[in-house]
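Understanding the architecture of this molecule
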Amino acid sequence: MFESLIGLVAIIVLFVIISRQQSRIGLIERELGALRSLVLSGAPVLPPQAKEPAANDSKPADAAAPVTVAADIASSPTTAAVVSATEADADTTAPSAPESAQPAAAAKAARQSDVETALGTRWAVWVGGIALALGGLFLIRYTIEAGIFGPRVRLVMAAALGLVLVAGGEFIRRTGFRVPVQGAAGAYIPAILTAAGAFILFGTVYAAYSVYGFIGPTLAFTLLGAIGVATIAASLVHGQALAGVGLLGAMVTPLLVASQAPNPWALFGYLAIVLAATCVIARIRDWRLLMAAAFVATGIWTIFYMTDAPGANLAVILFIDAVTLAVLAFVWLGRRDEAVAGSGFDWPSIAPGFFVGLSALALFVDPAFAAIRGALPGAALVAALVAVALYRPRALALLHAAGLATVLVYLGIIPPTTIASDFSGGALGVDGMPVVASDALMFRVGIALSLVFIGAGFWAARRFAASGWLRAAAWAAWSAVAPLVILLALWSAFGNLDRDLAYAAVAAVLVGVFVAGGEWIARGEAPPLTGGAAVSFALGGAAIAGLLMLHMAFGSGWTTILLGAAAVVPALATRWRSYPVLGWISVGAVIAVLGRAAFDPTIVGAEFLSKTPVFNWLLLGYGVPALAFGFAAWQLARTTNGRPRLAMEAGAALFALLAVAMLVRHAMHGGVIDTAAATLAEQTIYTLIAIGAGAILVAIDMRSPSSVLRYGSIAAGVVSVAFIVLQHFLVLNPLLTDESTGSIPVFNLLLLAYLLPAVATGALALYTRDKRPKWYAAMLAVMAAVLAFAYATLSVRRLFKGEFIGLWSGLGQLETYTYSALWLVIGVVLLTAGVWLRSQVLRIASAALISVAVLKVFVFDMSELEGVLRALSFIGLGAVLIGIGLFYQRLLTRAAREA
């Protein structure tokens, strides 16, 4: 493991070196581009004058004035070449070829100089510093394995090495390295030496306490605190690099110096001191990346320690989590200036939020912690996350961590409840069982956490409603989501899933609380009562609580009916408040009722559905929501009049159609709607309903224009045509199914399935000629003609074959001739109707039908008919065609006279 750690450190160092090298190359390229532009423009470039270095020895390397840098640039080959090129250009008007090549030579010299700088200053210094630190640790390890020196001597030698490195760094800084040389900004030698010394001193003190027990916890904490303070001071002088290296060494030290009997209090006391010291450094200089790294490292140690459950000490876990939150709240985010209350987001707080939330989650779900009532400290950590987020608004990530932990615990969607680790194998595995929140402690904890989220959430949402709508929305969202999830989980675990009035009463209380909270937040908006995102979340929570209340208090049938009727409530509320969310809550009721109907089309269950036609649960389950949705749409049209109103109109039309369709199916199948397959007669009823719905929507749209009604009417017509093509002509056609057409000659299935839809479709086409697109009316007109043609043809078939007209019963010669005569007659009728109605579509349909008749006579009748029938077929066809020709000639003559 030790060698793997060295490899990891080497990879990290290599990554840092490459990153810094890339940045430096980019900077050099920009500088060369600027200098080349100056040379080509002819402007004089003067070498910069060297200045005296600043006298402040305590100024950090990364913020010092670039005195040595300027001097180095002045003497570099790049600057010399540029100056030479400038002077030569001042002497001549047009540069010669050698002079124009000088910028390229300067760039080449700069690249050579940069490689030399990287190898001689940065890489050598970084690798040397790491080598010093690891060399000291290797030396200590060797003395331990070889038994050369005793433990006390080894510790003294390690401490002496650390102090020598720190002293050497300070000596070099004070004797001429206050500012790095050109190209070595990332390889400040004093900082690296100090970091190596601090690394060794951290490990020495920890080993003296934890491994050998030479010092007690008080002295160990004192020394570690002193080293931390010294590291803070050195970081303030030498820059951020020292703080980063010091943090890495401090966090890796417990892994390098192993102990046979580790003391968790010593470990996490040490980590707490390191975290606090790092936070002070990061806070003074606002080093966010350093702070985030410190939080991540501490969190990783905490989670690794918790994998040792049940051996883990609960008090230690709570201690380090409390220290993490305290450092975040009182040190890192302490006394930060915020121009606007609630503005800004602190991204380093994501790390403590994640790890503390993960700790709380583990205390809830791990059986080892559950056995010692870990839900209480877990709830305390969740409450602490909420409190810190409330105290420090920039730490909003803590609120999300607390909310997610609570939701995951009570939804029970964390299957692994035991986390096991194998450090020797480098693996982290999980194993466990589903979480079941079914004990009394979880019940009480759920109530407490609900109150925490509701109280803190609405108070913070009101506080930030005017200044930070996004922050206010986050608080309002969790104040609704967490209590609702807890209520749902507790009801599932403890309540009666059929009917539970106690939980229904709790849901009703939540409805009132969320409505009152939303109104309270709205009054704090600027301007007030605008109904922003926070108000929307609060009222949306009230709507979901109302849904749960209905489901808990009533059976399936009444829940569906009351839920549909409840869509009227938010629509009526728009009379007093113009909140945008109110209309969408009504739309949510449509979606909820539609979902319930899809889950159980019988509304109350097949076993409870009465067989009485019309007056049964279907009428209430579909009819009442249809009426409620229609009233809600009417109300919204007079208040907000936005997209929710259109959605409610669509919902009303849909449920009205569903009500009629379900009642028809119920009546035609003896009270059973979910088993028998549809017949042609039943399908005809659905088709007529769709056609009638299209006509009704068109009529309503003419009185109250609406895009929903317009497109809904078109959709109804298209659906009716699709029904006819698929069901009437293909799937349920009695020619293909040999279904009985009835024993009565005229009033039979053919009249119901073909003639009535033909009349209805034709009437709708005539009604929508000037009210809908031309293609729509033409489609309906063509379908009406096809239906009439099918009715006439199938009636002839029934005349010859009787009640059953399947194709496999054969085709006689007289029947064949009759089809030809009939089609010609229908063609003439369509032509007459097209001329009378001035419908080009009907005239084209007439021409198509007559063409089919002509083709049939010349192809089919000629081969199949014999004797007089064949002659009559051709005679009739000729007479009809000549008559049509005379008819069109008269029309054209009349048109010419009128012109």
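What counts, and at which threshold
- Residues numbered from 1 in each chain as written.
- Predicted model: local features only at pLDDT ≥ 70, side-chain atom pairs only at ≥ 80, totals over all residues.
- Heavy atoms only, no water.
- Helix = DSSP H or I, 4+ residues; strand = E, 2+ residues; numbered from the N terminus.
- Contact = heavy atoms within 4.5 Å.
- Areas by Shrake-Rupley, 256 points an atom, 1.4 Å probe, with all protein chains shown as cover.
- Core = buried A, V, L, I, M, F, W, Y, C linked by side-chain atoms within 4.5 Å.
- Buried < 20%, exposed > 50% of the residue type's maximum accessible area, 1.4 Å probe, protein only.
- Salt bridge = Lys/Arg side-chain N within 4 Å of Asp/Glu carboxyl O.
- pLDDT = per-residue confidence, 0-100.
- Expected span 1.5 Å × (residues − 1).
- Axes fitted to C-alpha atoms, helices over the stretch in contact; angles between N-to-C directions.
- Parallel < 35°, antiparallel > 145°, perpendicular 65-115°, else oblique.
- Left-handed = near helix turned anticlockwise from the far one by under 90°.
- Polar contact = N/O pair within 3.5 Å; in protein donor to acceptor, adjacent residues only side chain to side chain.
- Patch = residues over 30% accessible without salt bridge, like charges linked within 9 Å, V, L, I, M, F, W, Y side chains within 5 Å.
- Phe/Tyr/Trp six-rings, centres within 6.5 Å; stacked < 30°, edge-to-face > 60°.
- Lys NZ or Arg CZ within 6 Å of the ring centre and 35° of its normal.

**Some thoughts on the overall build of the protein chain**
Regarding its fold elements, the protein chain presents 33 helices and two strands. Restricting to contacts in the protein chain with at least 6 residues of sequence separation, those with at least 24 account for 73%. Summed over all atoms, the accessible surface of the protein chain reaches about 42700 Å², with 70% contributed by carbon and sulfur.

**A word on the nonpolar core**
Ranked by size, the top nonpolar core spans 121 residues in total, and within it Phe364, Tyr410, Trp475 and Phe514 carry the most contacts. Sequence-distant contacts of Phe514, that is, excluding residues within four places in its chain, are made with Ile454, Phe458, Ser479, Ala480, Pro483, Leu484, Ala538, Leu539, Gly541, Ala542 and Ala545.

**Description of the pattern of salt bridges**
Taken as a whole, this structure holds seven salt bridges when the rule is applied. Its salt-bridge partner being Glu519, residue Arg523 comes within 3.3 Å of it at the nearest N-O pair. You can see Arg523 and its partner Glu519 sitting in helix H19 (residues 501-523), four residues apart, about one turn around the helix. Among the charged side chains, a salt-bridge network with shared partners connects Asp286, Arg288 and Asp346.

**Some remarks on the confidence of the model for the protein chain**
Looking at the protein chain as a whole, its pLDDT mean stands at 77, while 71% of the residues score no less than 70. Confidence drops under a pLDDT of 50 for residues 178-187, and excluding neighbours within four residues, the segment shows 37 contacts in the predicted structure. For the stretch residues 414-438, pLDDT sits under 50, and the model shows 41 contacts to residues farther than four places along the chain or on other chains.

**A closer look at helix H18 (residues 469-494)**
Over its 26 residues, H18 extends 37 Å from the first C-alpha to the last, a length consistent with the 38 Å expected when each residue adds 1.5 Å. Most of H18 sits out of view: 19 of its 26 residues are buried.

**Considering the packing of helix H15 (residues 375-391) against helix H16 (residues 396-411)**
Interhelical geometry of H15 versus H16 gives an angle of 155° and a closest axis separation of 8 Å. One element, H15, and the other, H16, form an angle in the roughly antiparallel class. As H15 runs across H16, the sense of the crossing is left-handed. Contacts from Val382, Leu385, Val386, Val388 and Ala389 in H15 reach Leu398, Leu399, Ala401, Ala402 and Thr406 in H16.

**Structural notes on helix H13 (residues 350-365)**
Here H13 spans 22 Å end to end across 16 residues, near enough to the 22 Å set by a 1.5 Å rise per residue. Burial analysis of H13 places 13 of its 16 residues in the buried class, which makes it a mostly covered element.

**Section: unusual backbone geometry**
With omega at -5°, the peptide bond leading from Ala526 into Pro527 counts as cis. Within the secondary structure, Pro527 sits in the loop between H19 and helix H20 (533-553). The phi torsion at Leu529 lies on the positive side, around 60°, for a residue other than glycine. Among the structural elements, Leu529 can be located in the loop between H19 and H20. Classification of Leu529 as partly exposed rests on a relative accessible area of 29%. Backbone geometry at Val614 places phi at a positive 70°, although glycine is not the residue there. Its location among the elements puts Val614 in the loop between helix H23 (580-599) and helix H24 (617-637).

**With respect to the side chain of Ser713**
On the secondary structure map, Ser713 appears in helix H27 (residues 707-731). Ignoring anything within four residues of it in the chain, the contact list for Ser713 reads Gly694, Leu697, Val698, Arg772 and Tyr776.

**With respect to the packing of H13 against H16**
Between H13 and H16, the shortest axis-to-axis distance is 8 Å and the interhelical angle comes to 20°. Considering the angle they form, H13 stands roughly parallel to H16. Considering how the two elements wind past one another, H13 and H16 form a crossing that is right-handed. Touching Ile350, Gly353, Phe354, Gly357, Leu361, Phe364 and Val365 of H13 are Ala397, Leu398, Ala401, Ala405, Leu408 and Val409, all from H16.

**Concerning the environment of Leu411**
Mapping Leu411 onto the fold places it in helix H16. With 79 residues separating them along the chain, Leu411 and Leu490 place their C-alpha atoms 9.7 Å apart.

**What about the side chain of His666?**
Summarising the element assignment, His666 is placed in helix H25 (residues 643-668). Look at His666 and you get buried, because its relative accessible area is 0%. At a separation of 2.7 Å, a polar atom in the side chain of His666 contacts the main-chain carbonyl oxygen of Ser610.

**Here's the deal with a nonpolar patch on the surface**
A contiguous nonpolar surface patch, about 420 Å² in accessible area, is contributed by Leu289, Phe345, Trp347 and Ile350. Along the polypeptide, Ile350 turns up in helix H13. Assessed through its relative accessible area of 44%, Ile350 is described here as partly exposed.

**Some words on the packing of aromatic side chains**
Describing an aromatic ring pair means giving the distance of the ring centres and the angle of the ring planes. For the coordinates displayed, the defined rule picks out 13 aromatic pairs. Ring geometry for Tyr622 and Phe655: centres 6.3 Å apart, planes at 35°, overall tilted. Taken together, the positions of Tyr622 in helix H24 and Phe655 in helix H25 put the pair 33 residues apart, joining distant regions of the chain. Phe655 shares its class with Tyr622; the two are buried. Judged by centre distance (5.9 Å) and plane angle (85°), the rings of Trp775 and Tyr776 are edge-to-face. Among the aromatic residues, ring-to-ring pairing joins Tyr622, Phe629 and Phe655 into one connected group. Sitting above the plane of the Phe464 ring, Arg471 keeps its charged end 5.8 Å from the centroid.

**Focus: the environment of Thr560**
Turning to its location among the elements, Thr560 is positioned in helix H21 (residues 556-565). Overall, the relative accessible area of 2% leaves Thr560 in the buried class. Linking Thr560 and Leu594, residues 34 residues apart in sequence, is a C-alpha distance of 9.1 Å. With residues near it in sequence (within four places) discarded, Thr560 still touches Val593, Arg596, Ile603, Gly621 and Pro625. Here Ser556 takes part through its backbone oxygen, which lies 3.0 Å from a polar atom of the side chain of Thr560.

**Looking at the environment of Arg643**
Position of Arg643 relative to the elements: it lies in helix H25. With relative accessibility at 66%, the residue Arg643 sits in the exposed group. Sequence-wise, Arg643 and Ser707 are 64 residues apart; in three dimensions their C-alpha atoms are separated by 9.9 Å.

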